[in-house]
Amino acid sequence: MAKIIVEVMLKPEILDPQGQAVASALPRLGFTSFKTAKSVRQGKRFEIEVAGDPTPAQLAEVEKAAETLLSNPVIETYIVKIEK
Amino acid sequence: MSFRIGVVTFPGSLDDRDAARAVEMAGGIAVPLFHASDDLKEVQAVVLPGGFSYGDYLRCGAIARFAPIMNSIVTAANHGFPVLGICNGFQVLCESHLLPGALTRNSNLHFLCRDQKLKIENTNTMWTTGFKQDQEILIPLKNGEGSFQCDDETLNALESEGRVIARYVDFDPNGSRNLIAGISNERGNVVGLMPHPEHAIESLTGPSTDGLTFFTSVLHQLVGR
């Protein structure tokens with residue numbers, strides 16, 4: 001059993017108000033090490049479970065899905081990786 | 001003669017009835033279109049209404065883009081067929097790449113519902129010819145993800161080509177770049193607008209009747225074809 005992981009993040013130049021809210025809330029809630037954090041960015045993670053090792057065809061298809069559905073290339077970037 | 005204007009219902013659309021009503025008030029025939037069919041039913045223009053298609057899962061408009069009706073609409077729009085996307089409809093148009101950019105979470109993270117003043121800056125699109133240049137209108141704005149974002153190159157193109165059709169006035173509701181409330185494609189047949197003209201067609205229920213002009217504009221344009 002392996003997982004194909006797709007991680008989607010907003011591009012650095014795109015405003016992330018959710019990340020900003022998290023960044024300002026954490027120190028307020030007592031997580032003091034976040035006081036010195038330069039920023040917090042929030043993203044999405046998709047886990048696709050497959051039986052056995054992912055085949056090249058599966059990976060190619062996930063790549064295509066990541067580019068067309070799971071992320072919006074106008075505002076987001078993605079990476080695909082495998083976890084065993 | 002009167003023209004047939006389709007209004008698409010996706011799972012989670014909210015404002016399809018109001019949009020259909022606005023079409024009828026403007027003098028058109030509103031034709032309900034369904035997301036799961038690719039049949040445009042011989043309509044001469046289409047409105048993608050507001051709401052939360054597919055629950056806004058993944059990203060607003062991201063799943064609606066793959067609905068069968070959208071294949072027909074994208075093909076037709078590339079041949080000059082008029083399309084107006086309102087709110088969620090605007091998001092669907094961006095996800096479908098009929099319009100550039102994307103709509104992201106409001107900068108203050110709050111869902112916002114207010115009567116919003118706009119300035120109409122392009123009166124040459126299929127949907128805005130009835131307005132006067134720089135006319136100020138007041139229509140409802142209600143969304144959580146209305147912040148228009150795009151890269152600098154796209155922003156420069158939109159500005160220099162006059163494709164910003166409406167801009168927020170007096171108040172920045174969501175952090176949109178350059179206070180952009182609505183844009184058009186290069187040809188001017190596809191327009192996306194975050195605020196809701198279909199809720200401003202009667203004085204009983206709307207802050208004005210300014211919204212009706214979007215619908216009368218396209219009907220006049222269709223007559224001229």
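Just above sits the structure.
A quick note: this is a predicted structure, and the numbers were derived from the prediction, not measured.

Trainee: Where do I start with the overall build of chain A in this structure?
Mentor: Within chain A, the secondary structure is distributed over two helices and three strands. Listing the helices and strands of chain A from first to last along the sequence gives β-α-β-α-β. Expressed as lengths along the three principal axes of its C-alpha atoms, the size of chain A is roughly 45 × 30 × 15 Å. Counting all 84 residues of chain A, 13% fall into the buried class. Partitioning the contacts of chain A with sequence separation of at least 6, the portion at a separation of at least 24 is 70%.

Trainee: What is the right way to read the pairing of strand β3 (residues 45–48) of chain B from this model?
Mentor: Along any regular strand, the residues point their side chains to alternate faces of the sheet. Residue and element names in this part refer to chain B. Alternating positions in β3 separate into two faces, A45 and V47 on one and V46 and L48 on the other, with burial throughout. Pairing between strand β1 (residues 4–9) and β3: three bridges, direction parallel. For I5, the partnering residue across the bridge sits in β3 and is A45. For β3 and strand β4 (residues 83–86), the ladder comprises three bridges, and the chain directions are parallel. What sits directly across from V46, in β4, is V83. One crossover worth recording links β3 to the parallel β4 by way of helix α2 (residues 68–77), and it is right-handed.

Trainee: So what exactly am I meant to see when it comes to the interface of chain B and chain A here?
Mentor: How big an interface is tends to be stated in terms of accessible area lost as the parts join. Counting residues at the interface gives 12 residues for chain B and nine residues for chain A. Its residues assigned to classes, the side of chain B that touches chain A comprises four nonpolar, five polar and three charged.

Trainee: Please clarify how helix α2 (residues 56–70) of chain A should be interpreted in this entry.
Mentor: Residues three or four positions apart in an α-helix share a direction because the helix packs 3.6 residues into each turn. Residue and element names in this part refer to chain A. By the burial criterion, the buried members of α2 are V62, A66 and L70. Summarising the axial view, the buried residues of α2 lie within an arc of 50°, below the 170-degree limit, and thus occupy one face. Projecting away from the buried face of α2 at angles above 90 degrees are the exposed residues P56, A57, A60 and K64. Among the structural elements, β1 (2–10), β2 (43–50) and β3 (76–83) are those in contact with the buried residues of α2.

Trainee: Help me understand the pairing of strand β10 (residues 180–184) of chain B, please; the structure alone is not making it clear to me.
Mentor: All names here are of chain B. Burial within β10 is extensive, with five of its five residues counted as buried. In terms of strand pairing, strand β9 (residues 164–168) meets β10 through three bridges, oriented antiparallel. Across the sheet, the residue bridging to V164 is I183, located in β10. As defined by bridge partners, β10 adjoins strand β11 (residues 190–193) across three bridges and the pair is classed as antiparallel. For G182, the partnering residue across the bridge sits in β11 and is L193. The turn linking β10 back onto β11 is made up of five residues, and G188 within it adopts a positive phi angle of 85°.

Trainee: Looking at this model, I keep getting lost on the nonpolar core. Mind explaining?
Mentor: If you look at soluble globular proteins, the nonpolar side chains tend to sit buried side by side. Residues B:V23, B:V46, B:V47, B:V83 and B:L93 are the most contacted members of the largest nonpolar core, which totals 69 residues. In contact with B:V47, not counting residues within four places along its chain, are B:I5, B:V7, B:A19, B:V23, B:L84, B:I86 and B:G89. Membership of the second largest hydrophobic core comes to six residues, among which are A:V6, A:V62, A:A66 and A:L70.

Trainee: What am I meant to see in unusual backbone geometry here?
Mentor: Only a minority of non-glycine residues have a phi that is not negative, and only a minority of peptide bonds are not trans. Residues and elements named next belong to chain B. Look at D56: it is not a glycine, yet its phi comes out positive at around 60°. With respect to the helices, strands and loops of the structure, D56 is situated in the loop between β3 and α2. The partly exposed category is assigned to D56, around which 18 C-beta atoms lie within 10 Å.

Trainee: I'm lost on the packing of helix α1 (residues 16–26) of chain B against helix α5 (residues 212–223) of chain B in this one. Help?
Mentor: Two quantities define a packed helix pair, namely the angle between the helix axes and the distance between the axes. Residues and elements named next belong to chain B. Following both chains from N to C, one finds α1 and α5 inclined at 60°, their axes separated by 9 Å at the closest point. Of the possible angle classes, the one that applies to α1 and α5 is oblique. Judged by the sense of rotation from one axis to the other, the crossing of α1 with α5 is right-handed. Taken together, the residues of α5 that come into contact with α1 (itself represented by A22, V23, M25 and A26) are L212, F215, T216 and L219.

Trainee: Got a minute to help me understand the sheet that holds strand β7 (residues 136–143) of chain B in this structure?
Mentor: The strands making up a sheet associate through backbone hydrogen bonding, with each pair oriented either parallel or antiparallel. Residues and elements named next belong to chain B. With mixed pairing, the nine strands of this open sheet are ordered in space as β2-β1-β3-β4-β11-β10-β9-β6-β7. Taken across any chain shown, the strands that pair with only one partner, and hence form the sheet edges, are β2 (29–34) and β7. On average, each strand axis in the sheet is inclined to that of its neighbour by 25°, with strand direction left out of account. Running at roughly 120° to β4, helix α3 (residues 88–95) makes contact with β3, β4 and β11 of the sheet.

The rules behind these values
- Residues numbered from 1 in each chain as written.
- Chains lettered and ligands numbered in written order.
- Predicted model: local features only at pLDDT ≥ 70, side-chain atom pairs only at ≥ 80, totals over all residues.
- Helix = DSSP H or I, 4+ residues; strand = E, 2+ residues; numbered from the N terminus.
- Buried ≥ 20, exposed ≤ 12 C-beta atoms within 10 Å, placed from the backbone.
- Contact = placed C-beta atoms within 7 Å.
- Pairing = 2+ DSSP bridges.
- Right-handed = clockwise from strand over helix to strand, strands pointing away.
- Nonpolar A, V, L, I, M, F, W, Y, C, P; charged D, E, K, R; others polar.
- Arc of directions from axis to C-beta.
- Core = buried A, V, L, I, M, F, W, Y, C linked by C-beta atoms within 7 Å.
- Axes fitted to C-alpha atoms, helices over the stretch in contact; angles between N-to-C directions.
- Parallel < 35°, antiparallel > 145°, perpendicular 65-115°, else oblique.
- Left-handed = near helix turned anticlockwise from the far one by under 90°.

Remember that the coordinates give geometry; whether it matters functionally is a separate question.
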